[in-house]
Amino acid sequence: MLAIYRILKKIDFKYLLISGYLLIFLLLLIIIAIFTYDGIHSLIPLTINIIYFISSYIKNPWALRFFMIVCATLWGLYNFFVHAYIVIIGNVIEIISAIISLVRFKNDNKSK
């Protein structure tokens, strides 16, 4: 819990732009989720889409890479629940790629 707090503390949410498109998209996702609800595991793709869309409005590149890791992890969890084991390999590759990108981004900022 403390680790999540520290990560969220690094994210500068003042760059989060709330627009009509964001609100409409979130509202549509929630409405669709209500009609397509098929157990708790059906909410994972909804959560992932919300995180992806909100992270695209954050102008902080570090936060975008972090949320990419979060979403890839959630997709891996969802793929495990629906028994799509081969797709988990792609999720692991995506997570590794995002971690490498995050480390490179952090090292580039230190050198500046």
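Everything discussed here concerns the structure shown above.
What counts, and at which threshold
- Residues numbered from 1 in each chain as written.
- Predicted model: local features only at pLDDT ≥ 70, side-chain atom pairs only at ≥ 80, totals over all residues.
- Heavy atoms only, no water.
- Axes fitted to C-alpha atoms, helices over the stretch in contact; angles between N-to-C directions.
- Helix = DSSP H or I, 4+ residues; strand = E, 2+ residues; numbered from the N terminus.
- Parallel < 35°, antiparallel > 145°, perpendicular 65-115°, else oblique.
- Left-handed = near helix turned anticlockwise from the far one by under 90°.
- Contact = heavy atoms within 4.5 Å.
- Nonpolar A, V, L, I, M, F, W, Y, C, P; charged D, E, K, R; others polar.
- Patch = residues over 30% accessible without salt bridge, like charges linked within 9 Å, V, L, I, M, F, W, Y side chains within 5 Å.
- Areas by Shrake-Rupley, 256 points an atom, 1.4 Å probe, with all protein chains shown as cover.
- Salt bridge = Lys/Arg side-chain N within 4 Å of Asp/Glu carboxyl O.
- Buried < 20%, exposed > 50% of the residue type's maximum accessible area, 1.4 Å probe, protein only.

1. Quick word on the packing of helix α3 (residues 43-57) against helix α4 (residues 61-81)
Relative orientation of the contacting elements α3 and α4 amounts to 170 degrees, with a least axis distance of 10 Å. Taken together, the axes of α3 and α4 lie roughly antiparallel to each other. Classified by chirality, the crossing of α4 by α3 is left-handed. Of the residues in α4, those touching α3 at I44, P45, T47, I48, I51, Y52, S55 and S56 are L64, F67, V70, C71, A72, L74, W75, L77, Y78 and F81. Of the residues in the contact of α3 with α4, the class split is 15 nonpolar, 3 polar and no charged.

2. Describing a nonpolar patch on the surface
A grouping of L27, I30, I31, I34 and F35 is seen on the molecular surface, where their side chains present a nonpolar patch of about 550 Å² in accessible area. By the secondary structure assignment, I30 is in helix α2 (residues 20-35). Residue I30 is classed as partly exposed on the basis of its relative accessible area, which comes to 43%.

3. A closer look at unusual backbone geometry
Outside of glycine, negative phi angles account for most residues, and trans bonds account for most peptide bonds. We note that H83 has phi near 60 degrees; this positive angle belongs to a residue other than glycine. With respect to the helices and strands, the residue H83 is situated in the loop between α4 and α5 (85-111). Residue classification places H83 among the exposed residues on the basis of a relative accessible area of 57%.

4. Section: the environment of W62
Along the polypeptide, W62 turns up in helix α4. Each C-alpha atom, one on W62 and one on V103, is 9.6 Å from the other, the two residues being 41 residues apart in sequence.

That is the geometry; function is a separate question.
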